[in-house]
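# Descriptive structure summary
The primary structure of each chain is shown beneath.
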There are 2 protein chains.
Amino acid sequence: MPVGTLGPVKGVTPDQLAATGTQIQLANTYHLMLRPGERVVAELGGLQRMTGWGRPMLTDSGGYQVFSLATLRKISDEGVEFRSHVDGALVHLTPERSIEIQNHLGADILMPLDECPGLPAADEVIAAAVDRTIHWAQRCRDAHTRSDQALYGIVQGGLNPAQRRRCLAALLPMGFDGFAIGGLAVGEAPPEMWRLLDDFADDLPADRPRYVMGIGTPADLLHAVDAGVDQFDCVLPTRNGRKGYAFTWDGVVRLRNAAHRSDSSPIDAGCACVCCRGFSRGYLRHLLSVGEVLGGILISLHNLHFYQDFTRSMREAIERGQWPAFRDRTLARVAAVSAVDADEASHASPIEE
Amino acid sequence: MPVGTLGPVKGVTPDQLAATGTQIQLANTYHLMLRPGERVVAELGGLQRMTGWGRPMLTDSGGYQVFSLATLRKISDEGVEFRSHVDGALVHLTPERSIEIQNHLGADILMPLDECPGLPAADEVIAAAVDRTIHWAQRCRDAHTRSDQALYGIVQGGLNPAQRRRCLAALLPMGFDGFAIGGLAVGEAPPEMWRLLDDFADDLPADRPRYVMGIGTPADLLHAVDAGVDQFDCVLPTRNGRKGYAFTWDGVVRLRNAAHRSDSSPIDAGCACVCCRGFSRGYLRHLLSVGEVLGGILISLHNLHFYQDFTRSMREAIERGQWPAFRDRTLARVAAVSAVDADEASHASPIEE
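What comes next is a walk through the structure. This is a predicted model, so every value here is computed, not measured. (Residues numbered from 1 in each chain as written. Chains lettered and ligands numbered in written order. Predicted model: local features only at pLDDT ≥ 70, side-chain atom pairs only at ≥ 80, totals over all residues.)

Residues and elements named next belong to chain A. At a minimum axis separation of 8 Å, helix H6 (residues 95-105) and helix H7 (residues 123-143) run at an interaxial angle of 40°. Classed by the angle they form, the pair H6 and H7 counts as oblique. Where H6 crosses over H7, the two elements pack in a sense that is right-handed. Packed against H6, whose contacting residues are Pro95, Glu96, Ser98 and Ile99, the element H7 presents Trp136, Arg139, Cys140 and Ala143 at the interface. When its residues are assigned to classes, the contact of H6 with H7 shows 5 nonpolar, 1 polar and 2 charged. (Axes fitted to C-alpha atoms, helices over the stretch in contact; angles between N-to-C directions. Helix = DSSP H or I, 4+ residues; strand = E, 2+ residues; numbered from the N terminus. Parallel < 35°, antiparallel > 145°, perpendicular 65-115°, else oblique. Left-handed = near helix turned anticlockwise from the far one by under 90°. Contact = placed C-beta atoms within 7 Å. Nonpolar A, V, L, I, M, F, W, Y, C, P; charged D, E, K, R; others polar.)

Here it is in structure tokens:
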């Protein structure tokens with residue numbers, strides 16, 4: 001799921017997004033509750049109509065952005081209190097309020113408010129976050145009465161499989177439409193995350209979507225799918241695209257490099273995206289150099305197309321019974337992509353898409 | 001002709017530009033000679049191929065931007081010397097060099113280097129600019145030997161029809177493929193410009209395109225077409241679009257206004273552009289409010305579509321023999337558009353598109 005923080009994927013029209021193969025888009029409750037406000041979104045017909053996307057959408061609960069603003073928050077069992085990054089206004093967010101906002105936004109899949117501690121975290125911090133996440137999940141489940149919007153449960157528990165299982169066991173009887181693993185990609189090394197997914201993801205019900213929030217690199221996706229995960233969202237294709245990093249099956253192309261100055265070849269001659277069909281590396285480098293937004297938009301479109309192509313290839317390998325060979329071969333090819341992620345694509349700016 | 005200062009119209013793909021009805025696009029020699037440099041553009045296949053536009057293009061001479069940087073320049077009969085606004089490097093531009101650069105850029109229509117004084121200007125300043133413009137025009141004509149690129153002549157002479165005629169008389173024997181009126185929209189009031197066009201434009205040869213550079217509002221275009229002009233370029237549709245001003249047949253819509261907050265109607269219900277078919281005023285206002293570039297892009301696309309629709313309507317009124325009635329009716333309708341131009345859309349930032 002590409003991320004459209006403020007509604008649209010930055011600079012991208014719905015037609016352009018659909019042409020990347022995207023089926024479902026994420027939008028951020030935190031940003032939209034502040035501007036333009038969920039009632040305005042409802043008056044404009046709801047997210048799908050307002051944005052012109054018209055296809056499935058998912059909204060997060062707003063919690064991740066709130067918890068990323070650590071100095072600004074007060075947390076209690078009741079909810080969380082924070083100051084708007086836009087105008088400093090004091091805002092309360094409770095489980096009930098998060099659902100109310102998401103009901104107004106009108107996405108197809110809603111997420112409950114959870115507590116998402118950064119990593120590393122002490123055992124008691126993780127345990128307390130699990131307790132609160134369970135408590136808030138029940139309140140969200142009770143508050144959500146609309147049958148036209150799915151509600152997932154979010155499992156917390158850090159890198160501790162026992163805490164993850166305790167959280168999941170409490171969520172299961174509540175009757176969620178899908179299950180998400182939250183609290184990853186929040187400071188741990190990728191291999192630590194991969195190990196947790198290996199140990200735990202397959203505990204999630206097999207008859208519901210399994211969603212890992214906020215990941216990741218192609219290598220992350222390979223590990224997660226190998227562990228049994230179905231669904232992802234991530235800003236990497238678009239955020240890195242705007243910075244001039246293009247994903248390919250053989251690693252990342254850094255388009256700001258001087259080597260591309262007069263290069264008339266596309267990012268990837270084998271790619272069928274609008275960027276690779278029409279524009280050279282040299283032109284993209286020029287656009288980035290002069291600060292012309294079209295450069296970041298075109299590379300975003302390439303990266304989104306790459307991610308959709310990548311996930312489609314994983315699905316097809318599974319359907320053909322060729323997953324292990326595909327996984328091993330592809331992990332070796334995309335190794336360079338992970339290296340760039342560690343350098344350049346941290347989750348350090350949660351306010352920004 | 002929409003303006004693509006650095007190659008593309010800001011944030012707009014070639015497909016999106018073509019969908020506005022655009023037939024020919026302008027690009028700025030001054031900006032492209034500095035970045036990425038005309039040789040890089042040539043190595044990337046020339047402007048049309050590099051940008052992916054693939055349709056007709058016109059490049060200006062670079063002179064207008066140089067002359068707009070008054071404190072940075074030295075002018076002599078040989079040429080002009082200025083410091084790059086990018087890195088401060090000292091750059092020489094002569095008539096021969098302007099043609100050489102434009103030959104490398106590869107547009108379909110080239111413009112000669114001219115001297116373009118701001119208005120108001122003393123008679124002797126205007127006369128000297130005409131002298132130098134004539135001298136440089138001959139040197140450009142001599143320097144341009146390629147038959148696959150048209151070269152227009154530029155007439156200077158300020159608001160003085162006699163100076164304009166003196167300039168034109170000297171240019172006519174040089175054999176240009178079209179004629180442009182330069183040195184307007186540089187400080188004079190619109191009615192002064194309209195009067196000069198009324199007095200002079202019809203002196204231009206009737207068998208060649210007649211081009212007024214750098215205008216204008218819908219009212220400007222009506223006056224210019226009434227005076228016999230065929231061709232225009234202007235940043236208004238895109239620059240004003242990015243600021244949130246939308247052109248319509250009945251005046252300008254200021255999309256940042258709070259009145260549009262929950263307005264689910266499009267800019268113009270009668271408009272067939274991609275923006276009006278898919279997006280509400282309320283959504284556009286939201287995008288502008290949060291600084292999301294898609295807002296400016298969508299309004300730019302609407303404005304470009306409006307301008308193409310506007311010029312198409314003028315052509316059709318002439319072909320149907322209904323020009324005078326169309327002109328009078330439309331001047332009354334678009335009066336409000338001109339008012340906004342005076343407030344908001346000055347030519348005060350020549351470095352920017």
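Another point: the relation of the copies chain A and chain B. Its rotation angle being 180°, the transformation that places chain A on chain B also includes 0.0 Å of axial translation and leaves an RMSD of 0.0 Å. Overall, the copies show the geometry of a two-fold rotation axis. (Least-squares fit on C-alpha atoms with pLDDT ≥ 70 in both.)

Residue and element names in this part refer to chain B. Here we have 8 strands laid out as an open sheet, ordered E1-E2-E3-E7-E8-E9-E10-E11, and parallel in their pairing. Each of the sheet's edge strands pairs with one partner strand only, and the pair in question is strand E1 (3-4) and strand E11 (231-232). Examined bridge by bridge, E1 and strand E2 (residues 25-27) share 2 bridges and lie parallel to one another. For Val3, the partnering residue across the bridge sits in E2 and is Leu26. (Pairing = 2+ DSSP bridges.)

As summarised here, the arrangement of the 3 strands in space is E4-E5-E6 (chain B), forming an open sheet in which the pairing is antiparallel. Only two strands of the sheet have a single neighbouring strand rather than two, namely strand E4 (74-75) and strand E6 (90-93) of chain B.

Interface extent is often summarised as the accessible area lost during association of the parts. At the junction of the two partners, chain A supplies 30 residues and chain B supplies 31 residues. Elements represented by at least two residues in the side of chain A that touches chain B include exactly helix H3 (38-43), helix H13 (281-289) and helix H14 (293-319) of chain A. In terms of residue count, H13(A) provides more of the side of chain A that touches chain B than any other element does, 4 residues in total. Tallied by class, residues from the side of chain A that touches chain B come to 14 nonpolar, 11 polar and 5 charged.

Here the residue pair A:Leu119 and A:Pro120 is connected by a cis peptide bond, since its omega of 0° sits within 30 degrees of zero. Between B:Ile215 and the following residue, B:Gly216, the backbone shows a cis peptide bond with an omega angle of 0°. With respect to the helices and strands, the residue B:Gly216 is situated in the loop between strand E10 (210-212) and helix H10 (218-226). Residues other than glycine seldom take positive phi values, yet B:Ala185 does so here, at roughly 55°. When you line up the elements, B:Ala185 lands in the loop between strand E9 (178-181) and helix H9 (190-200). Overall, the presence of 20 C-beta atoms within 10 Å leaves B:Ala185 in the buried class. (Buried ≥ 20, exposed ≤ 12 C-beta atoms within 10 Å, placed from the backbone.)

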